[in-house]
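# Summary of the model geometry
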Amino acid sequence: SGYEPVEIGIAVHTGDVMLGIIGEEQRMEGSVVSPHVDLALDMERLSAKLGVSILITEATLQSAKTVPVHYRRLGAIQLDGDQPPVELVDVFEHDPPHIRNLKRATKAQFEAAVEAFRQGRFYDAREGFVDAVKRNRYDLAAKLYFFASDRYYQEGAPQSWSHALRIS
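Overview of the structure.

Parameters and conventions
- Residues numbered from 1 in each chain as written.
- Predicted model: local features only at pLDDT ≥ 70, side-chain atom pairs only at ≥ 80, totals over all residues.
- Heavy atoms only, no water.
- Helix = DSSP H or I, 4+ residues; strand = E, 2+ residues; numbered from the N terminus.
- Expected span 1.5 Å × (residues − 1).
- Bend = angle between axes of the 7 residues up to and from the residue.
- Contact = heavy atoms within 4.5 Å.
- Phe/Tyr/Trp six-rings, centres within 6.5 Å; stacked < 30°, edge-to-face > 60°.
- Buried < 20%, exposed > 50% of the residue type's maximum accessible area, 1.4 Å probe, protein only.
- Lys NZ or Arg CZ within 6 Å of the ring centre and 35° of its normal.
- Core = buried A, V, L, I, M, F, W, Y, C linked by side-chain atoms within 4.5 Å.
- Polar contact = N/O pair within 3.5 Å; in protein donor to acceptor, adjacent residues only side chain to side chain.
- Salt bridge = Lys/Arg side-chain N within 4 Å of Asp/Glu carboxyl O.

A rise of 1.5 Å per residue sets the reference length of helix α3 (residues 97–118), with its 22 residues, at 32 Å; its end C-alpha atoms lie 30 Å apart and thus fit the reference within 8%. Residue K107 marks the point of greatest curvature in α3, where the axis turns by about 55°. On its buried face, α3 is in contact with β5 (71–78), β6 (86–91), α4 (122–135), α5 (140–155) and β7 (165–166). In the stretch just after α3, G120 is the one whose phi turns positive, near 80°.

Next up on the list: the packing of aromatic side chains. The full count for this structure, using the stated rule, is twelve aromatic pairs. Considering the side-chain rings of F117 and Y152, the 6.0 Å spacing of their centres and the 25° angle between planes classify their relative orientation as stacked. Placement of F117 in helix α3 and of Y152 in helix α5 is noted, with a sequence separation of 35 residues between them. Residue classification places Y152 among the buried residues on the basis of a relative accessible area of 9%. Three or more aromatic residues link up through ring pairs in this structure, and these residues are F110, F117, F122, F129, Y145, Y152 and W161. Over the aromatic face of F110 sits the side chain of R72, whose NZ or CZ is 4.1 Å from the ring centroid.

Let us look at unusual backbone geometry. One non-glycine residue, H163, adopts positive backbone phi at about 65°. Mapped onto the elements of the fold, H163 is located in the loop between α5 and β7.

Take the environment of H94 next. Structurally, H94 is set in the loop between β6 and α3. Placed 34 residues apart in sequence, H94 and T60 show a C-alpha to C-alpha distance of 18 Å. Those residues in contact with H94 that sit more than four places away from it in its chain are I54 and R100.

Turning next to the nonpolar core. Core analysis: the largest hydrophobic core is formed by 30 residues, its most contacted members being F117 and F129. Elements with a contribution of two residues or more to this core: α1 (35–50), β5, β6, α3, α4 and α5. Apart from the residues lying within four places of it in its own chain, the contact partners of F129 are F110, A113, V114, F117, A142, Y145, F146 and S149. Counting six residues, the second largest nonpolar core, distinct from the first, contains I56, L61, Y71 and V91.

Attention now goes to α1. Between its first and last C-alpha atoms α1 spans 22 Å; for 16 residues at 1.5 Å apiece the expected length is 22 Å, and the two agree. Among all positions in α1, only L39, A40, M43, L46, S47 and L50 are buried. The secondary structure elements touched by the buried residues of α1 are β1 (10–12), β4 (54–57), β5, β6 and α5. Two or three places before H36, at the opening of α1, S34 has a side-chain oxygen 3.0 Å from that residue's backbone nitrogen. Once α1 finishes, G51 follows within two positions and takes phi at roughly 70°, a positive value.

Bringing the pattern of salt bridges into the picture now. For the coordinates displayed, the defined rule picks out ten salt bridges. In this structure, R121 and D124 form a salt bridge, with 3.8 Å as the shortest nitrogen-oxygen distance. Assessed through its relative accessible area of 39%, R121 is described here as partly exposed. The structure contains a network of salt bridges with shared partners spanning R72, D90, D95, K103 and D139.

Next up, the structure:
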């Protein structure tokens, strides 16, 4: 109808939660308590930085009854310094057609570069991400990985590096 599309980030994670009613008789509200809820909120914020519309964890992908057709593994992402890295997946089957086609065309190359990054082969990772960005200039995840790979290639990875991409 001529309106600009609304862009939102959706994050899905699978885990146990505690749901309950808190408060007093005059003021009651429902609440959900779980580190899994906090992770999903962090992932939702992260979706914009990674340039993905639907971000899920590997655990969610493994537990899904229906596996999405178009997705790519983003690898281990370190969201917070005191939490372990989380394996994330970009579900791009509902992206605009031109973005979906670009991600599909660079999926194998992107995932190979992610694996090189995980193994500490930063030169190979950097080259893979450069090629992915050349083919898909909209790929924010590849750009983040490129900058991290380039920095680690030139300066070396820090002692605290957990084989994951650190995003703050």
